[in-house]
Amino acid sequence: MRDLQLYELLKDAYESTTKNYNRFKKVIESTKWDNTFTADGEHYFIKDNLTLTIENTDPFKEAWKPTVWIGSDYYSLSN
């Protein structure tokens, strides 16, 4: 999956997650990541040139919004 396509999928899943259906977590769990790790209270998911950094897979329990880096470009998952 191309980096921007994965970003769009993650963004759509994040924005459409409800308290009854965590689509964001489902997309994260169904993606075949190249590497994952936890550091400084955050979870990192790496696929090709994309790095997703999240504090919590539940958007309703997070203290800060997820961030996405594609190469040196920064993107937000929320509007």
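Located above this text is the structure these notes cover.
Positions within a chain are numbered from 1, following the residues in the order the chain's sequence is written. This being a predicted model, a pLDDT of at least 70 is required before a residue's local features are given, and a value of 80 or more before pairs of side-chain atoms are given or counted; all residues contribute to the totals for chains, interfaces and linings. Side-chain numbers here rest on the full set of heavy atoms in the structure, without hydrogens or water.

(A) Geometry of the packing of helix H1 (residues 3-16) against helix H2 (residues 23-30). Taken N-terminus to C-terminus, the directions of H1 and H2 make an angle of 150°; their axes are 7 Å apart at the nearest point. Comparing their axes, H2 and H1 come out roughly antiparallel. Across the interface between the two elements, Leu9, Leu10, Asp12, Ala13, Tyr14 and Ser16 from H1 touch Arg23, Phe24, Val27 and Ile28 from H2. When residues are sorted by character, Ala, Val, Leu, Ile, Met, Phe, Trp, Tyr, Cys and Pro go into the nonpolar class, Asp, Glu, Lys and Arg into the charged class, and all the rest, Gly among them, into the polar class. Residues that form the contact of H1 with H2 fall into these classes: seven nonpolar, one polar and two charged. Only C-alpha atoms enter the line fits that serve as axes; for helices the fit covers just the stretch in contact. Angles between N-to-C directions range over 0 to 180 degrees. Secondary structure elements are defined from DSSP: runs of H or I of at least 4 residues count as helices, runs of E of at least 2 residues count as strands, and each element is numbered from the N terminus. Each angle gets one of four labels, with under 35 degrees taken as roughly parallel, over 145 as roughly antiparallel, 65 to 115 as roughly perpendicular, and the rest as oblique. Whether two residues are in contact is decided by their heavy atoms: any pair within 4.5 Å suffices.

(B) Highlighting the pattern of salt bridges. By definition here, a salt bridge exists when the distance from a side-chain nitrogen of Lys or Arg to a carboxyl oxygen of Asp or Glu is within 4 Å. Overall, the coordinates contain four salt bridges when judged by the stated rule. The residue Asp12 makes a salt bridge to Arg23 at a minimum N-O spacing of 2.7 Å. In this pair, Asp12 sits in helix H1 while Arg23 sits in helix H2, placing the two residues eleven residues apart along the sequence. Salt-bridge contacts for Glu29 lead to Lys25; the nearest nitrogen and oxygen are separated by 4.0 Å. With Glu29 and Lys25 both in helix H2 and four residues apart, this pair spans about one turn of that helix. Exposed residues in this analysis have more than 50% of their type's maximum accessible area, buried residues have under 20%, and partly exposed residues fall in between, with area computed by a 1.4 Å probe over protein chains only. The class for Glu29 is exposed, based on a relative accessible area of 57%.

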